[in-house]
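Here are the chains, one letter per residue:
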Amino acid sequence: MPQSVPSLPRRVARTLRTSLFAQVACALVLGIAVGKLWPESATVLQPLGDGFVRLIKTVIAPLVFCVVVVGIAKAGDLKAFGRIGLKALIWFEVASTAALTLGLVAANLVGPGTGMHVDASKLDASAVDRQTQGGALPSTTEFVLNALPNSAVGAFADNALLQVLVLACLVGAALLHLGPGKVPLILPAIEQAQEVVFAVVGFVMRLAPLAVFGAMVHLVGQYGLGIITTYGKLIALCYAVAAAFLALLGVALRLVTGLSLGKFVRYTRAEMLLALGTASSESVMPRMMQKLRRAGCRDDAVGLVLPTGYSFNLDGASIYLSVGTLFIAQAVGVDLDLGQQITVVLVLMLTSKGMAGVPGSAFLALSATATSLGVVPAGAVALLLGVDRIMDSMRVTTNLLGNCVAVFAVCRWEGALDIERARKVLDGEGADMSDEGVQAAPAMGARTSAEAVKEPASQAG
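This section reports on the structure supplied with the text. (Residues numbered from 1 in each chain as written. Predicted model: local features only at pLDDT ≥ 70, side-chain atom pairs only at ≥ 80, totals over all residues. Heavy atoms only, no water.)

Here we take up helix H18 (residues 338-351). Along its 14 residues, H18 runs 20 Å from first to last C-alpha, staying within 8% of the 20 Å computed at 1.5 Å per residue. When we look at burial in H18, the residues that qualify are Gln-340, Gln-341, Val-344, Val-345, Val-347, Leu-348 and Thr-351. Looking at where H18 begins, the residue whose side-chain oxygen comes 3.2 Å from the main-chain nitrogen of Gly-339 is Asp-337. (Helix = DSSP H or I, 4+ residues; strand = E, 2+ residues; numbered from the N terminus. Expected span 1.5 Å × (residues − 1). Buried < 20%, exposed > 50% of the residue type's maximum accessible area, 1.4 Å probe, protein only. Polar contact = N/O pair within 3.5 Å; in protein donor to acceptor, adjacent residues only side chain to side chain.)

Attention now moves to the nonpolar core. Of all hydrophobic cores here, the largest spans 135 residues; its most connected members are Val-64, Leu-234, Phe-264, Leu-292, Leu-384 and Phe-408. The element contributing the most residues to this core is helix H3 (residues 42-75), with 15 residues. Not counting residues up to four positions away in its chain, the partners in contact with Leu-384 are Leu-234, Tyr-320, Gly-324, Phe-327, Ile-328, Phe-363 and Leu-366. (Core = buried A, V, L, I, M, F, W, Y, C linked by side-chain atoms within 4.5 Å. Contact = heavy atoms within 4.5 Å.)

Moving on, we get to the packing of helix H4 (residues 78-110) against helix H17 (residues 315-331). One can describe the packing of H4 onto H17 by two numbers: an axis separation of 8 Å at closest approach and a directional angle of 30 degrees. Comparing the axis directions of H4 and H17 gives the class roughly parallel. Note that H4 runs across H17; the crossing there is right-handed. Listed contacts from H17 to Ala-95, Ser-96, Ala-99, Leu-100, Gly-103, Leu-104, Ala-107 and Asn-108 of H4 are Asp-315, Ser-318, Ile-319, Ser-322, Val-323, Leu-326 and Gln-330. (Axes fitted to C-alpha atoms, helices over the stretch in contact; angles between N-to-C directions. Parallel < 35°, antiparallel > 145°, perpendicular 65-115°, else oblique. Left-handed = near helix turned anticlockwise from the far one by under 90°.)

This part takes up helix H8 (residues 161-182). Helical periodicity: at 3.6 residues per turn, an α-helix aligns residues three or four positions apart in one direction. The largest bend along H8 reaches roughly 55 degrees and is located at Leu-176, with the proline Pro-180 sitting one to four residues downstream. What H8 keeps buried is the set Leu-161, Leu-162, Gln-163, Val-164, Leu-165, Leu-167, Ala-168, Gly-172, Leu-175 and Gly-179. (Bend = angle between axes of the 7 residues up to and from the residue.)

Here the focus is unusual backbone geometry. One non-glycine residue, Asn-159, lies in positive phi territory at about 55 degrees. For Asn-159, the location among the structural elements is in the loop between helix H7 (152-157) and H8. We classify Asn-159 as partly exposed; its relative accessible area is 22%.

Before going further, it helps to spend a moment on a nonpolar patch on the surface. Side chains of Leu-48, Leu-55, Leu-207 and Leu-210 sit close together on the surface and give an oily, nonpolar patch of about 320 Å² of accessible area. Mapped onto the elements of the fold, Leu-55 is located in helix H3. (Patch = residues over 30% accessible without salt bridge, like charges linked within 9 Å, V, L, I, M, F, W, Y side chains within 5 Å. Areas by Shrake-Rupley, 256 points an atom, 1.4 Å probe, with all protein chains shown as cover. Salt bridge = Lys/Arg side-chain N within 4 Å of Asp/Glu carboxyl O.)

Structure follows, in structure tokens:
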């Protein structure tokens, strides 16, 4: 007898129950509607998004530590780990410079601030200080010193990823030096801790739709949709440049690995939508690490390249900074020559590396750039206060995809990428690779079970 086909309401209910992407998409639409109809609820519902990001941040440091230590110990080659780090930094610098240059070229061609004739003396420069909380970007020396842990506990307590990475590298190197004969219990314990952390991530991810709902209500309720028309030209340009940059990334990924960026976006669609909704790429770092490992990237490369990219490879922020700098100059009637624009690129190459974790870092970087030029009033940065939050979606998406492409590229460069596995996963082969499968088995269970099927056969031989 033919099997009965479930009714449409049942299919919809099943999709909402099992698919994180569907849940987040519904929460996104509902949040925009509530923010538009009841803007006074923006402040009330904001803690939903903030609380979720806090919960995710609590597991990022231990997760990075466990993945890097296990990756180094199992790879058994500390020199290879050093090569991965060097290749990642080279990729980051090339990608960031390309993003900055593309933004400057586009801003010169379109001129988003041309004709505004803004009087910089009438702008409220103190508003920028309030946004940045009186902070400052670290100097190069401070940035390097801040990457070194002052204490093991402090690195985890402050959620300082670069410090955690340094500590993890030291512990992984020590395990390699001592060998399993002297410390037979340490590595298995760290592996088990890693499984526990992934399980916690799975629990927290169940709250993702609530987080997206609260974040979108806050965004629409506080800033409104009218700001899009006010800054329409600037917003459209930034998003267009980001789209062009992502297209270039897709070409680079295809040339280097043969993989499709479009298929990767489809594979990680739930994470991408969650990052968009919460305006935080950190909220999806654990899940992205999990999915990159499932897609054939070696553990040690994922553990090093992805977290490091959060500090060194901010492609979306680079686009925003370069376009924003020229927008400000054009708005106040300052014409920057070629030499000054080259100075913009050089300054932003430095300042963008110290942005991660600094409140109002984009405004600090823009202020530093304006000061270094000496012809653009630093107070003119206040022109971007109203539009900054709208740019978060562009920055988060571009930063996240840029770092994921970097993982694939560096893995391929180092010979640490299983191409066949990557193609199968991105093509959607295997139920455990779907969004529903990941949600049902958040603690790397899908990968473990897949490998376990092969192990008995090999052992029997």
